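The chain contents come next:
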Amino acid sequence: MKQSKSIKNKSIDNPKFSRDINSDFSKTLRSRVNTYFKTHNTSRNANSTMVVKTIIMVSLFFIPLLILSSGIVNSVWLLFSLYILSGLGMSGIGMGVMHDAIHGSYSKHKNINTFLGYTFNLIGANATVWKIQHNVLHHTYTNIDHADDDLNAPFFLRFSPHAKHYWLHQFQHIYIWFFYGISTLSWITTKDFVRVKRYKNMGFLDKKNEYRNALISMTAWKLFYFSYALILPMIMVPFSWWVVLLAFLSMHFVTGLLVSIIFQIAHIMPVNTFPLPDAQGQMNNNWYGHQFETTTNFSPNSKLLFWFIGGLNYQVEHHVLPDVCHVHYKKLTKIVSDTAQEYGMPYHVKKSLYHAIKDHTKMLRSLGKKDNLSMAA
(Lines give C-alpha, C1' and ligand atoms only; values in the text may rest on other atoms or scores of the structure.)
Protein backbone atom coordinates (compact mmCIF):
# COMPACT_ATOMS: atom_id res chain seq x y z
CA MET A 1 0.00 0.00 0.00
CA LYS A 2 3.04 2.20 -0.47
CA GLN A 3 1.45 4.37 -3.14
CA SER A 4 -1.45 5.51 -0.97
CA LYS A 5 0.92 7.73 1.05
CA SER A 6 1.47 9.83 -2.05
CA ILE A 7 -2.18 10.79 -2.31
CA LYS A 8 -2.72 11.57 1.36
CA ASN A 9 -4.63 14.83 1.76
CA LYS A 10 -4.64 15.36 -2.02
CA SER A 11 -8.37 14.78 -2.32
CA ILE A 12 -11.17 15.29 0.17
CA ASP A 13 -13.01 12.17 -0.95
CA ASN A 14 -10.27 9.55 -1.40
CA PRO A 15 -11.54 6.17 -0.12
CA LYS A 16 -10.05 4.61 3.02
CA PHE A 17 -9.32 0.91 3.37
CA SER A 18 -10.01 -1.18 6.45
CA ARG A 19 -7.11 -1.77 8.84
CA ASP A 20 -8.93 -4.54 10.71
CA ILE A 21 -9.73 -7.11 8.01
CA ASN A 22 -6.80 -9.55 7.61
CA SER A 23 -4.60 -6.95 9.24
CA ASP A 24 -1.54 -9.20 9.41
CA PHE A 25 -1.69 -10.33 5.77
CA SER A 26 0.79 -7.74 4.52
CA LYS A 27 3.25 -8.59 7.29
CA THR A 28 3.04 -12.29 6.43
CA LEU A 29 3.39 -11.76 2.70
CA ARG A 30 6.29 -9.33 3.05
CA SER A 31 8.07 -11.65 5.46
CA ARG A 32 7.79 -14.58 3.06
CA VAL A 33 8.92 -12.52 0.08
CA ASN A 34 11.88 -11.12 2.02
CA THR A 35 12.80 -14.64 3.09
CA TYR A 36 12.75 -15.74 -0.55
CA PHE A 37 15.21 -13.04 -1.60
CA LYS A 38 17.49 -13.69 1.39
CA THR A 39 17.44 -17.45 0.85
CA HIS A 40 18.28 -17.09 -2.84
CA ASN A 41 20.79 -14.31 -2.12
CA THR A 42 19.34 -12.10 -4.82
CA SER A 43 18.11 -8.52 -5.12
CA ARG A 44 14.46 -7.64 -5.59
CA ASN A 45 15.58 -5.21 -8.31
CA ALA A 46 16.70 -5.76 -11.88
CA ASN A 47 19.16 -8.50 -12.82
CA SER A 48 21.35 -9.03 -15.89
CA THR A 49 18.38 -10.40 -17.83
CA MET A 50 16.50 -7.17 -17.22
CA VAL A 51 19.47 -5.07 -18.32
CA VAL A 52 19.78 -7.06 -21.57
CA LYS A 53 16.06 -6.67 -22.22
CA THR A 54 16.31 -2.93 -21.63
CA ILE A 55 19.05 -2.66 -24.24
CA ILE A 56 17.06 -4.77 -26.71
CA MET A 57 13.83 -2.77 -26.28
CA VAL A 58 15.51 0.62 -26.52
CA SER A 59 17.41 -0.57 -29.60
CA LEU A 60 14.25 -2.01 -31.14
CA PHE A 61 12.64 1.40 -30.82
CA PHE A 62 15.52 3.64 -31.92
CA ILE A 63 17.34 1.65 -34.61
CA PRO A 64 14.38 1.56 -37.05
CA LEU A 65 13.94 5.32 -36.56
CA LEU A 66 17.64 5.88 -37.19
CA ILE A 67 17.36 3.89 -40.41
CA LEU A 68 14.32 5.94 -41.42
CA SER A 69 16.29 9.14 -40.78
CA SER A 70 19.29 7.97 -42.78
CA GLY A 71 17.66 8.48 -46.18
CA ILE A 72 18.32 4.91 -47.38
CA VAL A 73 14.70 3.74 -47.18
CA ASN A 74 13.24 3.68 -50.68
CA SER A 75 10.20 1.38 -50.47
CA VAL A 76 6.82 1.85 -48.81
CA TRP A 77 6.72 -1.65 -47.36
CA LEU A 78 10.09 -1.06 -45.66
CA LEU A 79 8.87 2.30 -44.37
CA PHE A 80 5.85 0.71 -42.71
CA SER A 81 7.83 -2.31 -41.50
CA LEU A 82 10.43 -0.15 -39.76
CA TYR A 83 7.80 2.01 -38.08
CA ILE A 84 5.86 -1.05 -36.88
CA LEU A 85 9.08 -2.63 -35.62
CA SER A 86 9.77 0.58 -33.73
CA GLY A 87 6.23 0.32 -32.33
CA LEU A 88 7.08 -3.07 -30.85
CA GLY A 89 10.12 -1.50 -29.21
CA MET A 90 7.93 1.33 -27.94
CA SER A 91 5.57 -1.22 -26.40
CA GLY A 92 8.49 -3.02 -24.79
CA ILE A 93 9.82 0.20 -23.29
CA GLY A 94 6.39 1.11 -21.96
CA MET A 95 5.60 -2.25 -20.42
CA GLY A 96 9.02 -3.65 -19.58
CA VAL A 97 11.40 -0.77 -18.85
CA MET A 98 9.82 2.53 -17.80
CA HIS A 99 7.06 0.71 -15.90
CA ASP A 100 9.53 -0.80 -13.43
CA ALA A 101 11.67 2.33 -13.35
CA ILE A 102 8.81 4.69 -12.45
CA HIS A 103 7.63 2.25 -9.78
CA GLY A 104 11.15 2.45 -8.34
CA SER A 105 11.65 -1.30 -8.68
CA TYR A 106 14.21 -1.32 -11.50
CA SER A 107 17.08 -0.28 -9.23
CA LYS A 108 17.73 0.47 -5.58
CA HIS A 109 19.27 3.73 -6.79
CA LYS A 110 16.72 6.51 -7.26
CA ASN A 111 18.77 8.26 -9.95
CA ILE A 112 18.82 5.15 -12.14
CA ASN A 113 15.05 4.77 -11.83
CA THR A 114 14.55 8.44 -12.67
CA PHE A 115 16.89 8.20 -15.67
CA LEU A 116 15.19 5.09 -17.08
CA GLY A 117 11.79 6.60 -16.34
CA TYR A 118 12.63 9.25 -18.92
CA THR A 119 12.44 6.55 -21.60
CA PHE A 120 8.68 7.13 -21.31
CA ASN A 121 9.24 10.75 -22.32
CA LEU A 122 11.39 9.56 -25.21
CA ILE A 123 8.45 7.63 -26.66
CA GLY A 124 6.19 10.68 -26.52
CA ALA A 125 4.39 10.23 -23.20
CA ASN A 126 5.22 11.75 -19.81
CA ALA A 127 6.69 10.17 -16.68
CA THR A 128 5.29 12.80 -14.29
CA VAL A 129 1.71 12.29 -15.46
CA TRP A 130 2.08 8.50 -15.51
CA LYS A 131 3.40 8.41 -11.95
CA ILE A 132 0.27 10.16 -10.67
CA GLN A 133 -2.18 8.34 -12.92
CA HIS A 134 -0.72 4.87 -12.56
CA ASN A 135 1.37 4.61 -9.39
CA VAL A 136 -0.90 6.70 -7.21
CA LEU A 137 -4.47 6.69 -8.52
CA HIS A 138 -4.64 3.30 -10.25
CA HIS A 139 -2.55 1.23 -7.85
CA THR A 140 -4.12 2.69 -4.73
CA TYR A 141 -7.76 2.76 -5.87
CA THR A 142 -7.93 -0.05 -8.42
CA ASN A 143 -11.38 -0.33 -10.06
CA ILE A 144 -12.94 2.29 -7.77
CA ASP A 145 -15.06 4.57 -9.91
CA HIS A 146 -13.83 8.20 -10.04
CA ALA A 147 -10.77 7.37 -7.90
CA ASP A 148 -8.99 5.01 -10.32
CA ASP A 149 -8.14 7.26 -13.27
CA ASP A 150 -7.86 4.25 -15.58
CA LEU A 151 -11.67 3.97 -15.39
CA ASN A 152 -12.18 7.58 -16.45
CA ALA A 153 -12.90 7.21 -20.15
CA PRO A 154 -14.60 9.25 -22.89
CA PHE A 155 -18.41 9.06 -22.83
CA PHE A 156 -18.48 6.42 -25.58
CA LEU A 157 -16.51 3.93 -23.44
CA ARG A 158 -17.76 2.39 -20.21
CA PHE A 159 -15.30 0.53 -17.97
CA SER A 160 -17.29 0.48 -14.73
CA PRO A 161 -20.85 -0.63 -13.89
CA HIS A 162 -21.14 2.59 -11.88
CA ALA A 163 -20.36 4.83 -14.86
CA LYS A 164 -23.19 6.57 -16.71
CA HIS A 165 -24.74 4.38 -19.39
CA TYR A 166 -25.38 5.49 -22.97
CA TRP A 167 -27.18 3.50 -25.65
CA LEU A 168 -24.06 3.23 -27.83
CA HIS A 169 -22.22 1.29 -25.10
CA GLN A 170 -24.01 -1.82 -26.31
CA PHE A 171 -21.60 -1.76 -29.26
CA GLN A 172 -18.40 -0.90 -27.38
CA HIS A 173 -17.10 -4.48 -27.47
CA ILE A 174 -16.99 -4.05 -31.28
CA TYR A 175 -15.58 -0.56 -31.73
CA ILE A 176 -13.31 -0.42 -28.67
CA TRP A 177 -10.39 -2.07 -30.47
CA PHE A 178 -10.03 0.93 -32.73
CA PHE A 179 -9.87 3.27 -29.74
CA TYR A 180 -7.38 0.99 -28.02
CA GLY A 181 -5.28 1.31 -31.17
CA ILE A 182 -5.26 5.12 -31.12
CA SER A 183 -4.80 5.40 -27.35
CA THR A 184 -1.09 6.25 -27.49
CA LEU A 185 -1.81 8.93 -30.10
CA SER A 186 -4.00 10.54 -27.47
CA TRP A 187 -1.15 10.29 -24.96
CA ILE A 188 1.40 12.02 -27.15
CA THR A 189 -0.95 14.82 -28.16
CA THR A 190 -3.73 15.92 -25.78
CA LYS A 191 -4.28 13.48 -22.91
CA ASP A 192 -1.15 14.32 -20.91
CA PHE A 193 -1.95 18.04 -21.01
CA VAL A 194 -5.55 17.42 -19.92
CA ARG A 195 -4.44 15.16 -17.09
CA VAL A 196 -1.67 17.36 -15.77
CA LYS A 197 -4.19 20.21 -15.46
CA ARG A 198 -6.68 17.93 -13.71
CA TYR A 199 -4.04 16.62 -11.33
CA LYS A 200 -3.07 20.16 -10.41
CA ASN A 201 -6.71 20.85 -9.57
CA MET A 202 -6.73 17.69 -7.43
CA GLY A 203 -3.84 19.01 -5.34
CA PHE A 204 -0.86 17.42 -7.04
CA LEU A 205 2.01 19.48 -8.48
CA ASP A 206 1.40 22.02 -5.73
CA LYS A 207 4.98 23.10 -5.07
CA LYS A 208 6.17 26.49 -6.29
CA ASN A 209 6.36 26.53 -10.11
CA GLU A 210 5.93 22.73 -10.21
CA TYR A 211 2.93 22.83 -12.53
CA ARG A 212 4.52 25.43 -14.82
CA ASN A 213 7.77 23.47 -14.99
CA ALA A 214 5.87 20.26 -15.69
CA LEU A 215 4.09 21.91 -18.63
CA ILE A 216 7.31 23.35 -20.05
CA SER A 217 9.16 20.05 -19.66
CA MET A 218 6.28 18.07 -21.16
CA THR A 219 6.02 20.35 -24.17
CA ALA A 220 9.78 20.21 -24.79
CA TRP A 221 9.91 16.41 -24.58
CA LYS A 222 6.97 16.02 -26.95
CA LEU A 223 8.47 18.42 -29.50
CA PHE A 224 11.71 16.46 -29.29
CA TYR A 225 9.83 13.19 -29.83
CA PHE A 226 7.92 14.46 -32.88
CA SER A 227 11.10 15.92 -34.34
CA TYR A 228 12.97 12.62 -34.54
CA ALA A 229 10.05 10.17 -34.81
CA LEU A 230 8.05 11.98 -37.49
CA ILE A 231 9.51 15.24 -38.86
CA LEU A 232 13.02 13.95 -39.59
CA PRO A 233 11.75 10.84 -41.43
CA MET A 234 9.39 13.09 -43.43
CA ILE A 235 12.41 15.09 -44.53
CA MET A 236 14.69 12.13 -45.25
CA VAL A 237 12.34 9.51 -46.72
CA PRO A 238 11.59 10.01 -50.46
CA PHE A 239 7.81 9.75 -50.11
CA SER A 240 4.96 12.19 -49.67
CA TRP A 241 4.50 13.49 -46.14
CA TRP A 242 1.13 11.76 -45.81
CA VAL A 243 2.66 8.36 -46.55
CA VAL A 244 5.19 8.83 -43.73
CA LEU A 245 2.39 10.06 -41.47
CA LEU A 246 0.35 6.92 -42.19
CA ALA A 247 3.35 4.76 -41.33
CA PHE A 248 3.85 6.74 -38.09
CA LEU A 249 0.18 6.24 -37.23
CA SER A 250 0.52 2.51 -37.91
CA MET A 251 3.37 2.38 -35.39
CA HIS A 252 1.16 3.95 -32.75
CA PHE A 253 -1.80 1.76 -33.62
CA VAL A 254 0.29 -1.35 -32.96
CA THR A 255 1.63 0.12 -29.72
CA GLY A 256 -1.75 1.36 -28.53
CA LEU A 257 -3.50 -1.92 -29.23
CA LEU A 258 -0.83 -4.00 -27.48
CA VAL A 259 -0.49 -1.79 -24.41
CA SER A 260 -4.22 -1.19 -23.94
CA ILE A 261 -5.12 -4.85 -24.20
CA ILE A 262 -2.45 -5.91 -21.71
CA PHE A 263 -3.42 -3.33 -19.10
CA GLN A 264 -7.19 -3.64 -19.58
CA ILE A 265 -7.48 -7.43 -19.38
CA ALA A 266 -5.88 -7.29 -15.95
CA HIS A 267 -8.85 -5.46 -14.37
CA ILE A 268 -11.86 -5.16 -16.67
CA MET A 269 -12.90 -8.79 -16.33
CA PRO A 270 -16.07 -10.64 -15.25
CA VAL A 271 -14.30 -12.06 -12.17
CA ASN A 272 -13.13 -8.67 -10.96
CA THR A 273 -15.18 -6.43 -8.70
CA PHE A 274 -15.83 -2.68 -8.82
CA PRO A 275 -16.51 -1.82 -5.15
CA LEU A 276 -17.38 1.64 -3.88
CA PRO A 277 -16.76 3.24 -0.48
CA ASP A 278 -19.64 3.83 1.91
CA ALA A 279 -21.01 7.25 2.79
CA GLN A 280 -18.05 7.84 5.13
CA GLY A 281 -15.57 6.97 2.40
CA GLN A 282 -14.71 3.62 3.95
CA MET A 283 -14.03 0.52 1.84
CA ASN A 284 -15.30 -2.84 3.07
CA ASN A 285 -11.91 -4.50 2.66
CA ASN A 286 -8.24 -3.98 3.35
CA TRP A 287 -5.99 -2.72 0.57
CA TYR A 288 -4.43 -6.10 -0.22
CA GLY A 289 -7.76 -7.89 -0.31
CA HIS A 290 -9.01 -5.16 -2.64
CA GLN A 291 -6.12 -5.79 -5.04
CA PHE A 292 -6.86 -9.52 -5.21
CA GLU A 293 -10.54 -8.88 -5.91
CA THR A 294 -9.92 -6.35 -8.68
CA THR A 295 -6.95 -7.92 -10.48
CA THR A 296 -6.44 -10.91 -12.78
CA ASN A 297 -3.37 -12.79 -14.03
CA PHE A 298 -3.28 -14.40 -17.44
CA SER A 299 -1.15 -16.74 -19.54
CA PRO A 300 1.15 -17.76 -16.65
CA ASN A 301 3.02 -20.38 -18.70
CA SER A 302 4.09 -18.19 -21.62
CA LYS A 303 7.77 -17.28 -21.24
CA LEU A 304 7.78 -15.18 -24.40
CA LEU A 305 4.76 -13.11 -23.33
CA PHE A 306 6.22 -12.69 -19.85
CA TRP A 307 9.46 -11.37 -21.35
CA PHE A 308 7.87 -9.04 -23.89
CA ILE A 309 5.18 -7.41 -21.72
CA GLY A 310 7.31 -6.89 -18.64
CA GLY A 311 5.71 -9.60 -16.52
CA LEU A 312 2.34 -7.86 -16.63
CA ASN A 313 0.61 -11.20 -17.13
CA TYR A 314 1.43 -11.58 -13.40
CA GLN A 315 -0.60 -8.51 -12.60
CA VAL A 316 -1.61 -9.72 -9.12
CA GLU A 317 2.02 -10.00 -8.06
CA HIS A 318 2.70 -6.59 -9.54
CA HIS A 319 -0.14 -4.96 -7.62
CA VAL A 320 0.71 -6.39 -4.22
CA LEU A 321 4.49 -6.13 -4.73
CA PRO A 322 5.00 -3.02 -6.91
CA ASP A 323 8.46 -2.43 -5.43
CA VAL A 324 9.74 -5.75 -6.84
CA CYS A 325 11.14 -5.84 -10.37
CA HIS A 326 8.96 -7.87 -12.73
CA VAL A 327 11.69 -10.40 -13.55
CA HIS A 328 10.96 -12.03 -10.17
CA TYR A 329 7.16 -12.28 -10.43
CA LYS A 330 7.00 -15.80 -11.84
CA LYS A 331 9.09 -17.19 -8.98
CA LEU A 332 7.02 -15.33 -6.38
CA THR A 333 3.63 -16.42 -7.66
CA LYS A 334 3.39 -19.50 -5.42
CA ILE A 335 4.19 -17.44 -2.34
CA VAL A 336 1.55 -14.86 -3.29
CA SER A 337 -1.15 -17.38 -4.27
CA ASP A 338 -0.57 -19.62 -1.23
CA THR A 339 -0.69 -16.66 1.15
CA ALA A 340 -3.86 -15.38 -0.51
CA GLN A 341 -5.50 -18.78 -0.14
CA GLU A 342 -4.42 -18.99 3.49
CA TYR A 343 -6.18 -15.69 4.22
CA GLY A 344 -9.26 -16.45 2.14
CA MET A 345 -8.49 -14.03 -0.67
CA PRO A 346 -9.32 -14.79 -4.33
CA TYR A 347 -6.51 -15.34 -6.83
CA HIS A 348 -7.78 -14.88 -10.40
CA VAL A 349 -5.91 -16.46 -13.32
CA LYS A 350 -6.82 -16.94 -17.00
CA LYS A 351 -4.87 -19.74 -18.64
CA SER A 352 -4.03 -17.91 -21.85
CA LEU A 353 -3.99 -14.50 -23.49
CA TYR A 354 -6.80 -15.68 -25.78
CA HIS A 355 -9.04 -16.60 -22.85
CA ALA A 356 -8.25 -13.30 -21.13
CA ILE A 357 -9.15 -11.26 -24.23
CA LYS A 358 -12.29 -13.36 -24.70
CA ASP A 359 -13.42 -12.68 -21.12
CA HIS A 360 -12.49 -9.00 -21.41
CA THR A 361 -14.67 -8.75 -24.51
CA LYS A 362 -17.49 -10.46 -22.63
CA MET A 363 -17.08 -7.95 -19.82
CA LEU A 364 -17.17 -5.00 -22.22
CA ARG A 365 -20.34 -6.37 -23.73
CA SER A 366 -21.86 -6.78 -20.28
CA LEU A 367 -20.88 -3.23 -19.33
CA GLY A 368 -22.65 -2.11 -22.47
CA LYS A 369 -25.91 -3.22 -20.94
CA LYS A 370 -27.63 -0.82 -18.61
CA ASP A 371 -28.54 -3.22 -15.81
CA ASN A 372 -25.21 -4.60 -14.61
CA LEU A 373 -24.66 -3.32 -11.10
CA SER A 374 -24.56 -6.92 -9.89
CA MET A 375 -20.91 -6.93 -11.08
CA ALA A 376 -19.91 -4.16 -8.74
CA ALA A 377 -19.87 -5.90 -5.37
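Attention here is on the structure that accompanies the text. (Residues numbered from 1 in each chain as written. Predicted model: local features only at pLDDT ≥ 70, side-chain atom pairs only at ≥ 80, totals over all residues. Heavy atoms only, no water.)

**Brief notes about unusual backbone geometry**
Line of reasoning, step 1. Its identity is not glycine, yet Asn22 carries a phi of approximately 45°, on the positive side.
Line of reasoning, step 2. Tracing the sequence through the fold places Asn22 in the loop between helix 1 (4–7) and helix 2 (25–39).
Line of reasoning, step 3. With relative accessibility at 27%, the residue Asn22 sits in the partly exposed group.
Line of reasoning, step 4. In this structure, Ser299 is a non-glycine residue whose phi angle is positive, near 45°.
Line of reasoning, step 5. Tracing the sequence through the fold places Ser299 in the loop between strand 1 (296–298) and helix 14 (303–308). (Helix = DSSP H or I, 4+ residues; strand = E, 2+ residues; numbered from the N terminus. Buried < 20%, exposed > 50% of the residue type's maximum accessible area, 1.4 Å probe, protein only.)

**Topic: the layout of surface pockets**
Any empty space left between atoms is shown by rolling a water-sized probe over those atoms.
Line of reasoning, step 1. Approximately 610 Å³ is the volume attributed to the second largest pocket.
Line of reasoning, step 2. Along the walls of the second largest pocket sit 24 residues, with Phe159, Ser183, Trp187, Lys191 and Arg195 positioned nearest its centre.
Line of reasoning, step 3. Elements that contribute at least two residues to the lining of the second largest pocket include exactly helix 8 (127–140), helix 9 (172–181), helix 10 (183–202) and helix 12 (241–264).
Line of reasoning, step 4. Among the elements that line the lining of the second largest pocket, the one with the most residues is helix 10, at eight residues.
Line of reasoning, step 5. Its residues assigned to classes, the lining of the second largest pocket comprises twelve nonpolar, seven polar and five charged. (1 Å grid on protein atoms, 1.4 Å probe; cavity = no way out; pocket = protein on both sides within 12 Å on 5 of 7 lines; lining within 4 Å. Points joined across faces, edges and corners; volume = space filled by probe spheres on them. Nonpolar A, V, L, I, M, F, W, Y, C, P; charged D, E, K, R; others polar.)

**A word on empty space enclosed by the protein**
Line of reasoning, step 1. Summed over all chains, the structure comprises four cavities of 30 Å³ or more.
Line of reasoning, step 2. Reported here for the largest cavity is a volume of approximately 110 Å³.
Line of reasoning, step 3. Lining the largest cavity are 16 residues, with Phe120, Ile123, Thr184, Trp187 and Thr255 positioned closest to its centre.
Line of reasoning, step 4. Looking at the lining of the largest cavity, the elements with two or more residues in it are helix 4 (76–96), helix 10 and helix 12.
Line of reasoning, step 5. Each residue belonging to the lining of the largest cavity can be placed in one class, and the counts come to eleven nonpolar, five polar and no charged.
Line of reasoning, step 6. Taken as a whole, the second largest cavity holds about 60 Å³ of empty space.
Line of reasoning, step 7. Lining the second largest cavity we find His138, Asn143, Asp148, Asp150, Leu151, Phe263, Gln264, His267, Ile268 and Gln315.
Line of reasoning, step 8. Here the lining of the second largest cavity is built from residues that sort into three nonpolar, five polar and two charged.

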